[in-house]
Amino acid sequence: VQLQAFGGGLVQPGGSLRLSCVASGSISGVNAMYWYRQAPGKQRELVATITTNGTTNYVGSVKGRFTISRDSTKNTVYLQMNSVKLEDTAVYYCNYHVPGYGLGDWGTGTLVTVSS
């Protein structure tokens, strides 16, 4: 299974962007999907989680601004980013979790640059 994120780009502070991530191939037993990000010079951090029953969770810095959603029929997870800030600049990746297996292989991220 390959993960490919896209939809990044240059956005002004306060603007919006919608990221998508497609998983090629079928994944059995997934109980959660995630969005991570890695800013320059920093470690990768978990940004948002969505479980198979639709429960969502966010890191504090994006709560109320970002929304994670998924379309299981398309093996796609989305991240709606609103009111973006300079500190949201990062490469964004998606991943999934399978109990007993862990995270999938990291795929291609998408760069989000917030700048005026």
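These notes cover the structure that comes with them. Nothing here was measured: the structure is a model prediction, and the numbers come from that model. (Residues numbered from 1 in each chain as written. Predicted model: local features only at pLDDT ≥ 70, side-chain atom pairs only at ≥ 80, totals over all residues. Heavy atoms only, no water.)

**As for the overall build of the protein chain**
What the protein chain contains, in helices and strands, is 0 helices and 11 strands. Starting at the N terminus and walking to the C terminus, you meet the elements of the protein chain as β-β-β-β-β-β-β-β-β-β-β. What you see for the protein chain is a C-alpha radius of gyration of 13 Å, in line with the 13 Å of a compact globule of 116 residues. Principal-axis analysis of the C-alpha atoms gives the protein chain an extent of 40 × 25 × 25 Å. Among the 116 residues that make up the protein chain, the fraction classed as buried is 40%. Considering only contacts in the protein chain between residues 6 or more positions apart, those separated by 24 or more positions represent 52%. (Helix = DSSP H or I, 4+ residues; strand = E, 2+ residues; numbered from the N terminus. Rg over C-alpha atoms; globule rule 2.2 N^0.38 Å. Buried < 20%, exposed > 50% of the residue type's maximum accessible area, 1.4 Å probe, protein only. Contact = heavy atoms within 4.5 Å.)

**Looking at the state of the cysteines**
For the structure on display, the rule yields 1 disulfide. The partner cysteine of cysteine 21 in its disulfide is cysteine 94, sulfur to sulfur 1.7 Å. In this pair, cysteine 21 is assigned in strand S3 (residues 17-24) and cysteine 94 in strand S9 (residues 90-98), connecting sequence segments 73 residues apart. Taking relative accessible area as the criterion, cysteine 94 reaches 2% and is therefore assigned buried. (Disulfide = S-S within 2.5 Å.)

**Section: the pattern of salt bridges**
Two side chains that carry opposite charge are able to pair once their charged atoms sit near each other. Going through the model one piece at a time under the given rule, you end up with 3 salt bridges. Ionic pairing is found between glutamate 45 and arginine 37, a salt bridge with its closest N-O pair at 2.7 Å. For arginine 37, a relative accessible area of 6% corresponds to the buried category. Salt bridges sharing common partners tie together Arg37, Glu45, Arg65 and Asp88. (Salt bridge = Lys/Arg side-chain N within 4 Å of Asp/Glu carboxyl O.)

**Concerning the nonpolar core**
Within the largest apolar cluster, 29 residues are counted, with the highest numbers of intra-cluster contacts made by Trp35, Leu79 and Tyr92. For this core, the secondary structure elements donating two or more residues are strand S1 (2-6), S3, strand S4 (32-38), strand S5 (45-51), strand S7 (66-71), strand S8 (76-81), S9 and strand S11 (110-114). (Core = buried A, V, L, I, M, F, W, Y, C linked by side-chain atoms within 4.5 Å.)

**Examining the environment of alanine 90**
Tracing the backbone shows alanine 90 in strand S9. Setting aside residues no more than four positions away along its own chain, alanine 90 makes contact with Arg37, Gln38, Ala39, Thr110, Leu111 and Val112.

**With respect to the sheet that holds S3**
Sheet architecture is open: 4 strands sit in the order S1-S3-S8-S7, paired in antiparallel fashion. Looking at strand neighbours, the two that pair on one side only are S1 and S7, the edges of this open sheet. Strand-to-strand twist across the sheet, computed as the mean angle between neighbouring axes with direction ignored, equals 15 degrees. (Pairing = 2+ DSSP bridges. Axes fitted to C-alpha atoms, helices over the stretch in contact; angles between N-to-C directions.)

**Observations concerning the pairing of S3**
When S1 meets S3, the two strands line up antiparallel, connected through 5 bridges. When the bridges of S3 are listed, alanine 5 appears paired with cysteine 21.

Any link to function would need more than the numbers given here.
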